[in-house]
Amino acid sequence: MRNLTREEVRNVIEGKGAAFRVPLAYDIWIGNNIFGGSEEKREKWLAQYPRDIATFGLMLPDLVKAPAEDPDYRWTGVDMQLDEKKGLDNRVLVEDWESEEADMFFEKFPSAEYPGMIPEHEDDGRYTLGMFWFCFFERLWSIRGMENALTDFYLYPEYIHKLFQKLTDFYMRMMERACEKNHVDGFFVSDDIGAQQAPFFSLEIFREFFKPYYKQLFDKAHELGAHFWLHTCGNIELFMPEFIEIGLDVIHPIQKYTMEERRIAEKYGDKICIWAGFDVQRTIPFGTVADVRQEVRFLIDTYHRKSGRFMLTMGNGSTTDWKLDCLYALMEESINYRPD
């Protein structure tokens, strides 16, 4: 079965009509770890199925390591070592916003003109995404640690605004450069702002610290003729009307067991494209083939609409407990099932 064209995918995203089948992008999240680490085996397996979205990664700075040709292209701006014994969300790179260390962090903020940021990407006619991870909240806690990040909104609001505006300016220039070099239909970023039962912070915090900066990114994407896609795990139902208001095009994954899918589809399915993420917490690793087929049918029945606004993928990246027989069932059912 052929891949969808970029025009077919764009029509789905913009609510201009469903394609002859739901757009599929499972391959983006299926790594070689379930093929014994073999990229050749992964590619051979994926070649059997549609891959409707092409992607290329945008090279953001590392936290502490800089490329030899640009020693300032890193988030910290100074030489330091990560404490590998601590969890990712418990490493603090900037201890105190009111310090010389913080002044240096802002002074040495990386430039979005780094030559190696944008890779060459060959356009093959598919809808193409430029991708990067860690947008605002994820970037904040990667620099300050999770505990500091959650209190900074109250204790150091002016520094969070300063950081988020500098990040926004960096991302917008990166988006411009990506479109100058390659054909880009959309930008896909991650920013996990939800936990299993509720968001990490209140609606008031979202409106003050996140909404204005997200809007700048969404507006920039639209100015460039592109869509904006956001991956955000957890329960983010509280923020859905806000995202729709400021023009988010695609939301992923509407994580199972955190939100009620039918309610989300009924309230928002005609206003935003839902890139539904298949459950990776229980169904793929622990379910049967029958469970997988049933879940595919449930997702399609729940989110499908004649105007489009619905695509399918995984809820997150692959782990070694994903079963190939379940993935076969996932692909086959996604391709062949049609709602009544």
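For the structure, check the block above.
Residues numbered from 1 in each chain as written. Predicted model: local features only at pLDDT ≥ 70, side-chain atom pairs only at ≥ 80, totals over all residues. Heavy atoms only, no water.

So, on to the layout of surface pockets. By volume, the largest pocket is sized at about 340 Å³. Looking at the lining of the largest pocket, the element that brings in the most residues is helix H4 (residues 137-144), giving three residues. Among the residues making up the lining of the largest pocket, the classes are represented as eight nonpolar, two polar and five charged. Approximately 160 Å³ is the volume found for the second largest pocket. Lining of the second largest pocket is provided by 15 residues; of these, Ala18, Ala19, Arg21, Val22 and His304 occupy positions nearest its centre. (1 Å grid on protein atoms, 1.4 Å probe; cavity = no way out; pocket = protein on both sides within 12 Å on 5 of 7 lines; lining within 4 Å. Points joined across faces, edges and corners; volume = space filled by probe spheres on them. Helix = DSSP H or I, 4+ residues; strand = E, 2+ residues; numbered from the N terminus. Nonpolar A, V, L, I, M, F, W, Y, C, P; charged D, E, K, R; others polar.)

Moving on to the sheet that holds strand S7 (residues 310-314). Reading across from one edge, S1-S2-S3-S4-S5-S6-S7 is the order of the seven strands in this open sheet, with parallel pairing throughout. Because the sheet does not close on itself, it has two edges, and the strands there are strand S1 (53-57) and S7. Along the sheet, successive strands turn relative to each other by an average axial angle of 25°, direction set aside. Where S1 meets strand S2 (residues 127-132), five bridges bridge the pair, whose relative direction is parallel. Looking across to S2, one finds that Thr55 is bridged to Leu129. (Pairing = 2+ DSSP bridges. Axes fitted to C-alpha atoms, helices over the stretch in contact; angles between N-to-C directions.)

This part takes up the nonpolar core. Within the largest apolar cluster, 118 residues are counted, with the highest numbers of intra-cluster contacts made by Ile30, Trp97, Phe210 and Tyr214. Here this core gets eleven residues from one element, more than from any other, and that element is helix H6 (residues 157-181). Those residues in contact with Phe210 that sit more than four places away from it in its chain are Phe136, Phe137, Phe153, Phe164, Phe201 and Ile205. (Core = buried A, V, L, I, M, F, W, Y, C linked by side-chain atoms within 4.5 Å. Buried < 20%, exposed > 50% of the residue type's maximum accessible area, 1.4 Å probe, protein only. Contact = heavy atoms within 4.5 Å.)

This part takes up the environment of Ala54. Secondary-structure assignment places Ala54 in strand S1. With 43 residues separating them along the chain, Ala54 and Trp97 place their C-alpha atoms 40 Å apart. Residues contacting Ala54, with those up to four places away along its chain left out, are His121, Asp124, Arg126, Tyr127, Thr128 and Leu129.

This is a description of form; function is not addressed.
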